[in-house]
Amino acid sequence: MKLAARISRISVSKTMAVMEAALRLREQGIDVVDFGPGEPDFPTPENIKQAGIRAIQNDFTKYTAIGGIKELKKAIVEKHAGDFGSKYDVSECIVNFGGKHALFNVFSAVVEEGDDVIIPTPYWVTFADIARFVNSNPIFVHTREADGFRLTAELLGPSLTPRTRLVVVNSPNNPSGAVLDNDEFVRIARLCSDRDIFVVSDECYSHFLYDGRKPFSIGGHQELKNHVIIAGSVSKTYAMTGWRIGYVLAAPEIIQAVIKLQSHSTSNPTSISQKAALEALTGPQDSVGKMLAEYAKRRDFVLNRLRAIPGVRCAEPGGAFYAYPNISAAFGRGSIRDSVDFSARLLEKAHVAVTPGEAFGTTDHVRISYATSMEQLDKGIGRIREFMEFL
Ligand SMILES: Cc1ncc(COP(=O)(O)O)c(C=O)c1O
């Protein structure tokens, strides 16, 4: 069957493939330790769930404004201002169906066919596929493991050309957990702004930072506002992945363009979820701190245990809930050639699901999500150790 070229340019998310393989083993009754999922293992906090229930009971179940209800947009800009010192107006905000949808809409609104889109590696797989879908050229800038996978203006500079339309920055990063130095982030954004290039900042993990670091947003820099586009989400911060609420903060022209697109595609994000997100942003925030404290404990545990495995190196994740160990010491042993082989054999022999680095643009690593219990982390990393020792 002949399908549209744009759909042939993209593939099903490789992170989903791992989830499916693990599920198949589980269905056979096998005890699989799953380090694949990129979502919090905590339930959505009770106050947020209740807000959703109230929305249904109060018949808040009809269409809303295409770009989301005004109270929610106000809550988003006010929370962003409080957390990061930004000054967005409600007209500079649109609510979407999750951060992924926010990014998809932004790319569709600002990227022309044939433009270059700069994506630092390792990258969240969706960035590259959306770039391909809109028929732009994803250009990968390789960050260095030895520098903790942090992008710098120096690394980025040589890749910027008159064809560059936007640069994607994701800090804290999925999959490496890398957190950009704040001053470096500003340098990167200035470099782009001076050349009339957009910076899309994916702030999905912005509240999950370790070692007492304060959340930062490039959106707090007014002078860069015309070239900065924020893609945010309540999915991870409030353990709300299934509710599907994200947002864009950007110049009004971009917001209007996204509203136009959304008016013909999804219309408004789910009314019930909007009320739940409103409660998430304006209600008690203690659940965020509790989740962060738990992730911090897990991060230290995972990092120490991984680094104790002979041959494994692991850059320190400064945020998010992923570790990105280098497992290339296993290459050439037991017919393992790359991280895809490694992940497949690990799942088959040790029943541990990890995501191969190939999904994120590097070959020597696997991603471990520590959004799972300490017990599972202990069991799974123990199995990885044994697997590596007996290869
Ligand atoms: C870097 C990054 N951005 C955006 C998202 C999108 O999340 P959602 O669409 O649930 O808001 C994810 C989800 O895994 C992510 O890892």
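Residues numbered from 1 in each chain as written. Predicted model: local features only at pLDDT ≥ 70, side-chain atom pairs only at ≥ 80, totals over all residues. Heavy atoms only, no water.

K.L.:
Lay out the overall build of the protein in plain terms, naming residues and giving numbers.
P.N.:
The helix and strand tally for the protein stands at 13 helices and 12 strands. For 391 residues, the compact-globule estimate of 2.2 N^0.38 gives 21 Å, and the protein sits close to it at 21 Å. Dimensions along the principal axes, computed over C-alpha positions, put the protein at roughly 60 × 55 × 55 Å. Contacts in the protein between residues at least 24 apart in sequence constitute 74% of all its contacts with a sequence separation of at least 6. In the form shown here, the protein has an accessible surface area of approximately 16700 Å², with 53% of it arising from carbon and sulfur atoms. Put simply, the protein has 45 plus and 45 minus side-chain charges, and the middle of one group is 2 Å from the middle of the other. (Helix = DSSP H or I, 4+ residues; strand = E, 2+ residues; numbered from the N terminus. Rg over C-alpha atoms; globule rule 2.2 N^0.38 Å. Contact = heavy atoms within 4.5 Å. Areas by Shrake-Rupley, 256 points an atom, 1.4 Å probe, with all protein chains shown as cover. Lys, Arg positive; Asp, Glu negative; His and termini not counted. Charge placed at Lys NZ, Arg CZ, Asp CG, Glu CD.)

K.L.:
Got a sec to walk through the sheet that holds strand β11 (residues 355–356)? Specific residues and values, please.
P.N.:
The 3 strands are arranged β9-β12-β11 in an open sheet whose pairing can be described as antiparallel. Whereas interior strands pair on both sides, the edge strands pair on one side only; in this sheet they are β9 (322–323) and β11. Two elements, β9 and strand β12 (residues 366–369), share 2 bridges in a ladder whose sense is antiparallel. Its bridge partner lying in β12, Ala323 is registered against Ile368. (Pairing = 2+ DSSP bridges.)

K.L.:
Tell me about the domain arrangement of the protein, and name the residues and values.
P.N.:
Assigned domains within the protein: domain 1 (5–43 + 287–389) and domain 2 (46–282). Each of domain 1 and domain 2 was reduced to a C-alpha centroid, and the two centroids are 25 Å apart. Listed per partner, the contact involves 38 residues of domain 1 and 33 residues of domain 2. Taking both sides of the interface into account, the surface hidden between domain 1 and domain 2 amounts to around 3000 Å²; carbon and sulfur atoms contribute 60%. Per-element accounting of the side of domain 1 that touches domain 2 gives the leading share, 6 residues, to helix α11 (residues 286–307). Of the residues in the side of domain 1 that touches domain 2, the class split is 21 nonpolar, 10 polar and 7 charged. (Domains from an automatic or database assignment. Buried area = accessible area lost by both parts, 1.4 Å probe. Nonpolar A, V, L, I, M, F, W, Y, C, P; charged D, E, K, R; others polar.)

K.L.:
Explain the packing of aromatic side chains to me, and be specific about the residues and the numbers.
P.N.:
Evaluated as defined, the whole model comprises 14 aromatic pairs. On the numbers, 5.4 Å between centres and 85° between planes, the contact of Trp124 with Phe127 is edge-to-face. Between Phe321 and Tyr322, the ring centres sit 5.0 Å apart and the planes meet at 55°, which makes this aromatic pair tilted. In this structure Phe321 comes out as buried when scored by relative accessible area, which is 0%. (Phe/Tyr/Trp six-rings, centres within 6.5 Å; stacked < 30°, edge-to-face > 60°. Buried < 20%, exposed > 50% of the residue type's maximum accessible area, 1.4 Å probe, protein only.)

K.L.:
I'd like to hear about the sheet that holds strand β7 (residues 228–233), residue by residue, with values.
P.N.:
Reading across from one edge, β2-β8-β7-β6-β5-β3-β4 is the order of the 7 strands in this open sheet, with mixed pairing throughout. A single partner strand is all that each edge strand has here, and the edge strands are β2 (93–96) and β4 (137–142). Between one strand axis and the next, the sheet turns through 20° on average, direction left out of account. In this sheet, strand β5 (residues 164–170) lies alongside strand β3 (residues 116–121) in parallel orientation, the contact comprising 3 bridges. The residue of β5 that forms the bridge with Val117 is Leu166. In the packing of helix α8 (residues 182–194) onto the sheet, the strands contacted are β5 and β6 (198–202), and the crossing angle to β6 comes to about 145°. (Axes fitted to C-alpha atoms, helices over the stretch in contact; angles between N-to-C directions.)

K.L.:
Requested: an account of the state of the cysteines, with residues and values cited.
P.N.:
Considering all chains together, one arrives at 0 disulfides under this definition. Here Cys204 is not cross-linked by a disulfide; its sulfur's nearest cysteine counterpart is in Cys93, at 16 Å. Free cysteine Cys314: the closest other cysteine sulfur is in Cys204, separated by 20 Å. (Disulfide = S-S within 2.5 Å.)

K.L.:
Lay out the site of the ligand with the relevant residues and their values.
P.N.:
As a matter of local geometry, the ligand sits amid 13 residues, with Gly99, Asp202, Ser233, Lys236 and Arg244 nearest to it. Lys100 is positioned such that a nitrogen or oxygen atom in its backbone is 3.0 Å from an oxygen atom of the ligand. Within the side chain of Asp202, a nitrogen or oxygen atom sits 2.5 Å from a nitrogen atom of the ligand. Within the complex, the protein chains bury 92% of what would otherwise be the 390 Å² of accessible surface of the ligand. Of all the elements, helix α5 (residues 98–110) adds the most residues to the shell around the ligand, at 3 residues. By residue class, the composition of the shell around the ligand is 3 nonpolar, 6 polar and 4 charged. (Near = heavy atom within 4 Å. Polar contact = N/O pair within 3.5 Å; in protein donor to acceptor, adjacent residues only side chain to side chain.)

K.L.:
An account of the pattern of salt bridges is needed here, citing residue identities and associated values.
P.N.:
Counted by the stated rule, this structure contains 24 salt bridges. A salt bridge links Arg383 to Asp31, with the nearest nitrogen and oxygen atoms 2.8 Å apart. A residue pair is termed long-range when its members are at least 10 positions apart, and Arg383 in helix α13 (residues 374–389) and Asp31 in the loop between α2 (14–27) and β1 (33–34) qualify at 352 residues. Residue classification places Asp31 among the partly exposed residues on the basis of a relative accessible area of 39%. (Salt bridge = Lys/Arg side-chain N within 4 Å of Asp/Glu carboxyl O.)

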